Every structure is written in C-alpha cells, then in structure tokens.
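# Structure assessment
In case you want the letters, here they are:
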Protein chains: 2
Amino acid sequence: MALREEILGKNNRLAERNRGWFGGRNILALNLVSAPGSGKTTLLERTIRDLGGALPINVIEGDQATVNDAERIRATGCKVVQINTGSGCHLEADMLARGLRKLDPPLNSVLMIENVGNLVCPALFDLGERAKVAILSVPEGEDKPIKYPHMFRAARVMILNKIDLLPYVDFDLDRCIGYTRRVNPGMRVFQVSATKGDGLAQWYDWLRAEARTSQQEAIA
Amino acid sequence: MALREEILGKNNRLAERNRGWFGGRNILALNLVSAPGSGKTTLLERTIRDLGGALPINVIEGDQATVNDAERIRATGCKVVQINTGSGCHLEADMLARGLRKLDPPLNSVLMIENVGNLVCPALFDLGERAKVAILSVPEGEDKPIKYPHMFRAARVMILNKIDLLPYVDFDLDRCIGYTRRVNPGMRVFQVSATKGDGLAQWYDWLRAEARTSQQEAIA
C-alpha cells in the first residue's frame, strides 16, 4: 500500500537522523520490544540498579496511558521521559526525537527505549536504535517467535524472561529456541529472571560489550 | 487524522454488514482480544470441548503467521478458518467477511473470533461482533487495564486467566479489579484457569445466557 510506504519512508528518514544524533553523542540506544506484561520495566529497573554506577543509563518510556513505568524507573535514580501514545500502538522516530529533547541524555551513555507493549507494530518502525531487544516471557508460550515472526526477525537479541516460572507452566525451552532460530538464525538469546536475578550476568556482559563497540565506532 | 477516520469509517460500515449477517443467521459472534500468550486458544479449546455438544461453536483464527492455532482448534472437532494477517496487527471487518464465506457457520451457532494477540490495535476495529471479550493473564501484571485503557473500555467482558499462577507471581487481584472498573465500570469479570478448569462454570453460564439473549433478539 503506497500510503503505508510513505508513512514508513518518512519514519525511516527521521530514524536515521536520530541514529546520527546518537552517533554524535556516542549514545548506545536500544529499543526494547515485547508483548504487554513480559517484564520490560522490571528488567530495566534491575539493570539500572545493577549497572547504573558503571554504565550511565537513561530511559524513554512508551505507553498508551499512565506514567506508572516512568515513576518506577525514576525511583532507580536515572533520567526518564514518558511518552503517551494515546490510541497509538507504537513509538515513531519523531516522538522519540521530541522525547530526546526533553531527556537530554549525556554523552557516552546508554539510552533504553521501552516501546509500547505490542509484538506487532513496533517491528515496522525504526527509531534509530542500534538494536531491537525482544523480550519474551515464559508464560506467553514457546510459539510466539513463529507467530510474530516480523518482530523476532527485526530484533538482534532476545531476552527470555520469567524462567523462574518454568516449573509451573507448559513451556518447551528447546522448542522455543528452535522456533527463534528458525525465524532469526543469528539471534542472541539470554535466559533470565528479572525478578530473581538468574542469568542477568550474560545480559550485562553483552550490554557492556555493546556500549564499548558503539563507542569505538563513534571514534573511528 | 482524516485518513484514519476514513479507514475506520469504511471498516465500521463493513462491520455493520457482518452484524446484520450474524443477526440473519442468529449467530452469537464474540471477538476475543488480548496480548500474545494470554491463553485465548487454550480457553477456546477447553470451552469447545466442555460446551460443544450443547452449544455449536465455530472459530475464526487471526494470526500474523502459522496455522498452529487453527490446527489446535480443529482437533476439538469444530470448524475453523485461519486468517493470516502478514505484517498486519489486527483483523478487519472485510477479512472477517471473507473468512465467514469459507467457514460457512450454521444457523443458531456461536462464532468465536480469536483476534491477533495485540492489546492495542484490535480495540479500534469493530468486526460486527456482539461483544469483545478481553483476556488478561495473571503473569502480565495487574496494571494492564489502565495501561491499555482503550481495549479494556471496548470490551464488555474480561476473563482473568491463569489464576493458578497467582501463588508464583506478584499480582494484586483487588487492585487489578479496581483498575478494570476504573476504565470500565460495567465490565463483567471472570477469574479462570483455562488449563486447570477453575472458574469456567461462570463463563459458560454467561456464554449460554448470551446465546439465548441473542436468539431472542433475532426473533423479536
């Protein structure tokens, strides 16, 4: 549909401008995408508390309504701006640009963008991030990567969250990883419990390495 | 946005045609909406197995990709048509109309429409259903009704699923009901576990009563 192409085309141009801005400030920007209730905010709270000293992290929160998530993030001590999309189903590059002017994230920092909880629409909208990080939680079921393939193809990293619930639900871990590789063979997968702390060390290692790489590229 | 109004206006007209068609055939049509992985398909499988003898139920399945859900539903013995939306994020009235021609549901039956797992976009698109039934699952968290208010306002019934997981997650039941009533004071709420069977009797009573009412209205 021509109209859709036009909307996406305009978004893609503004996303490239955001990408340039992140490059100019040497900011590692990650776009966290998932279904509602996968635990994105809890993962962010924990990550900021565990790493915030060594790695300065700031946050843009996307939600249809409420400032609840921003308040949770603010309590960790980092800077946060909440964007409410109203009836909108995803963040777009121009919304992010406006949020960035308010947030004013410092040089050499990490920006976490928590998108609206939606496994469909945010897949189509580049925000200028370095990578999309898809969060899937165990209670959602192992079939989600093949049922929402666009999102799991668009992401470079998958965080499988709530692994502490594995004993209580019907979830085939090997099958989930298999489905994920089927739609995205290169996907990096971390198995974690953001509430209990399991598996977070690997995610933190990846984050630190990615921040270093993005810094080297900015200098090169 | 004028364009959005035009798209919704066209959809609304086709939805009314579907509504008339359901009236003409005395079909109770329900539109099941939720986040990915809330347990819609499991609830449907169980409902059809438990009620299918007394209440003829057929299904339209909406998913971005795969025919997995249709296969699960077909195994219950009912008729089912799968609609794949590709990169699309919701069912629209014209997709449903095409699905209905394939499904050919009989007079005096119940049609369950399982929408794409998405708590945002399907709220805007009337399909001609008698009611939207929102499914929320306990692991998603109690705040979802206020974070996705459009959907919980658009629905007439909420099924709070996976209550068997309450002992293992941080979920405040009273607060969830309070949030739900805040966005939709008249919302009917059923607390169930579709896998274990808890609370399903009330949902079945509602379903039977709704089928009777829709039949009486069709005759009147």
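Residues numbered from 1 in each chain as written. Chains lettered and ligands numbered in written order. Predicted model: local features only at pLDDT ≥ 70, side-chain atom pairs only at ≥ 80, totals over all residues. Heavy atoms only, no water.

Residue and element names in this part refer to chain A. Among the structural elements, Ser34 can be located in strand 1 (residues 28–34). At a separation of 2.9 Å, a polar atom in the side chain of Ser34 contacts the side chain of Lys40. Other than its neighbours up to four places away in sequence, Ser34 contacts Lys40, Val116, Gly117, Asn118, Leu119 and Ile135. (Helix = DSSP H or I, 4+ residues; strand = E, 2+ residues; numbered from the N terminus. Polar contact = N/O pair within 3.5 Å; in protein donor to acceptor, adjacent residues only side chain to side chain. Contact = heavy atoms within 4.5 Å.)

Turning our eyes to something else, we now look at the relation of the copies chain B and chain A. Mapping chain B onto chain A calls for a rotation angle of 180 degrees and an axial translation of 0.0 Å; the resulting RMSD is 0.0 Å. Expressed as an axis order, the relation between the two copies is that of a two-fold axis. An overlap of 100% is found between the interface residues of chain B and their copies at the interface of chain A, pointing to a shared contact surface. (Least-squares fit on C-alpha atoms with pLDDT ≥ 70 in both.)

Residue and element names in this part refer to chain A. Overall, parallel pairing links the seven strands, which are arranged 3-2-4-1-5-6-7 in an open sheet. With one partner strand each, in any of the chains shown, strand 3 (80–84) and strand 7 (188–191) form the two edges of the open sheet. Within the sheet, the average angular offset between the axes of one strand and its neighbour, ignoring direction, is 20 degrees. Sheet topology note: the strand 1/strand 4 (residues 110–114) ladder contains five bridges and is parallel. Within strand 4, the residue paired with Leu28 across the bridge is Val110. (Pairing = 2+ DSSP bridges. Axes fitted to C-alpha atoms, helices over the stretch in contact; angles between N-to-C directions.)

The full count for this structure, using the stated rule, is nine aromatic pairs over all chains. Following the ring pairs from residue to residue traces out a cluster consisting of A:Phe190, A:Trp203 and A:Trp206. (Phe/Tyr/Trp six-rings, centres within 6.5 Å; stacked < 30°, edge-to-face > 60°.)

Once that is clear, we can look at the packing of helix 1 (residues 2–25) of chain A against helix 4 (residues 93–103) of chain A. Residue and element names in this part refer to chain A. Packing of helix 1 against helix 4 brings their axes to within 8 Å, and their N-to-C directions diverge by 35 degrees. Across the interface between the two elements, Asn11, Leu14, Ala15, Asn18, Trp21 and Phe22 of helix 1 pack against Ala93, Asp94, Leu96, Ala97 and Leu100 of helix 4. By residue class, the composition of the contact of helix 1 with helix 4 is eight nonpolar, two polar and one charged. (Nonpolar A, V, L, I, M, F, W, Y, C, P; charged D, E, K, R; others polar.)

Here we come to the interface of chain B and chain A. The partner chain A presents 34 residues to the 34 residues of chain B that form the contact. Of the roughly 2,900 Å² buried at the junction of chain B and chain A (both faces included), carbon and sulfur atoms supply 59%. Put simply, chain B and chain A have four salt bridges between them. Among the ionic pairs, A:Asp69 bridges to B:Lys147, the shortest N-O distance being 2.5 Å. The interface formed by chain B and chain A holds twelve residue pairs in polar contact (both at pLDDT 80 or more) in total. Of all the secondary-structure elements, those providing two or more residues to the side of chain B that touches chain A are helix 1 (2–25), helix 3 (68–74), helix 5 (144–147) and helix 6 (149–154) of chain B. Ranked by residues supplied to the side of chain B that touches chain A, first place goes to helix 5 of chain B with three residues. Considering only residue class, the side of chain B that touches chain A consists of 17 nonpolar, ten polar and seven charged. (Buried area = accessible area lost by both parts, 1.4 Å probe. Salt bridge = Lys/Arg side-chain N within 4 Å of Asp/Glu carboxyl O.)

For the rest of this paragraph, the subject is the nonpolar core. Counting 52 residues, the largest nonpolar core has A:Phe152, A:Met158, A:Leu160, B:Phe152, B:Met158 and B:Leu160 as the members making the most contacts within it. For this core, the secondary-structure elements that each account for two or more residues are strand 5 (131–137), helix 6 (149–154), strand 6 (157–161) and helix 7 (173–183) of chain A together with strand 5 (131–137), helix 6, strand 6 (157–161) and helix 7 (173–183) of chain B. Not counting chain neighbours up to four residues away, the residues in contact with A:Met158 comprise A:Ala134, A:Leu136, A:Phe152, A:Cys176, A:Thr180, A:Met187, A:Arg188, A:Val189 and A:Phe190. (Core = buried A, V, L, I, M, F, W, Y, C linked by side-chain atoms within 4.5 Å. Buried < 20%, exposed > 50% of the residue type's maximum accessible area, 1.4 Å probe, protein only.)

Turning next to the sheet that holds strand 6 of chain B. Residue and element names in this part refer to chain B. Pairing is parallel in the open sheet, where seven strands are placed in the order 3-2-4-1-5-6-7. Strand pairing shows two members of the sheet lacking a second neighbour, strand 3 (80–84) and strand 7 (188–191), which therefore form its edges. Within this sheet the neighbouring strands show an average axis-to-axis angle of 20 degrees, counted without direction. With four bridges connecting them, strand 6 and strand 7 associate as parallel partners. From the neighbouring strand, Ile159 faces strand 7, where its bridge partner is Phe190. Relative to the sheet, helix 2 (residues 40–51) contacts strand 1 (28–34), strand 2 (57–63), strand 4 (110–114), strand 5 and strand 6, its axis offset from that of strand 2 by approximately 170 degrees.

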